[in-house]
Amino acid sequence: AAANPDFEEVLEEIRKAHVQTREIVERTVQRFDWRPALQETRSIIAGALNNFDWSTLQQDIRKSHDETRTVLTRAIKNLDLSPLQQVVSNLTQDGLEGSALAREVP
């Protein structure tokens, strides 16, 4: 099926308009003086940092640290170490038997 020539012409006009728009935007952006906007941004950030309540942040960090320590301490206290103790006991017993056997062998 042959393409509709009117449709192709419209597409070509849209492409041309798109290219022209892009060129206009690029030129405008290149000419724009960004310094006032950057200075305003710096001022806003500096003001925010100067007005920031660092003590609250420190308190929050300490609280989080204390909560983490409490949770870990509780977890460690509730940890069942008997399987690990059994393994250590077996290794120690094997080690003692091994060294006793080694002493018996001439």
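Refer to the structure above for everything that follows.
Residues numbered from 1 in each chain as written. Predicted model: local features only at pLDDT ≥ 70, side-chain atom pairs only at ≥ 80, totals over all residues. Heavy atoms only, no water.

**Some remarks on the overall build of the protein**
Here is step 1 of the chain: Looking only at helices and strands, the protein has 4 helices and 0 strands in total.
Here is step 2 of the chain: A burial count over the protein gives 0% of its 106 residues as buried.
Here is step 3 of the chain: Per element, the accessible surface of the protein, about 10,000 Å² overall, is 60% carbon and sulfur. (Helix = DSSP H or I, 4+ residues; strand = E, 2+ residues; numbered from the N terminus. Buried < 20%, exposed > 50% of the residue type's maximum accessible area, 1.4 Å probe, protein only. Areas by Shrake-Rupley, 256 points an atom, 1.4 Å probe, with all protein chains shown as cover.)

**Considering the pattern of salt bridges**
Here is step 1 of the chain: In this structure the tally under the stated criterion is 4 salt bridges.
Here is step 2 of the chain: Across the salt bridge formed by Arg 15 and Glu 12, the nearest N and O atoms sit 3.5 Å from each other. With Arg 15 and Glu 12 both in helix H1 (residues 5-31) and 3 residues apart, this pair spans about one turn of that helix. (Salt bridge = Lys/Arg side-chain N within 4 Å of Asp/Glu carboxyl O.)

**Quick look at a nonpolar patch on the surface**
Here is step 1 of the chain: A contiguous nonpolar patch, built from Ile 45, Leu 49, Phe 52, Trp 54, Leu 57 and Ile 61 and spanning about 590 Å² of accessible area, is present on the exposed surface.
Here is step 2 of the chain: Counting residues per element, the ones that place at least two in the nonpolar patch are helix H2 (35-51) and helix H3 (54-77).
Here is step 3 of the chain: Residue contributions to the nonpolar patch peak at 3 residues, all from H3.
Here is step 4 of the chain: With respect to the helices, strands and loops of the structure, Ile 45 is situated in helix H2. (Patch = residues over 30% accessible without salt bridge, like charges linked within 9 Å, V, L, I, M, F, W, Y side chains within 5 Å.)

**So, the packing of aromatic side chains**
Here is step 1 of the chain: In the structure shown here, the tally under the stated rule is 2 aromatic pairs.
Here is step 2 of the chain: Note on Phe 32 and Trp 34: the rings are 4.6 Å apart at their centroids and 70 degrees apart in plane angle, and the pair reads as edge-to-face. (Phe/Tyr/Trp six-rings, centres within 6.5 Å; stacked < 30°, edge-to-face > 60°.)

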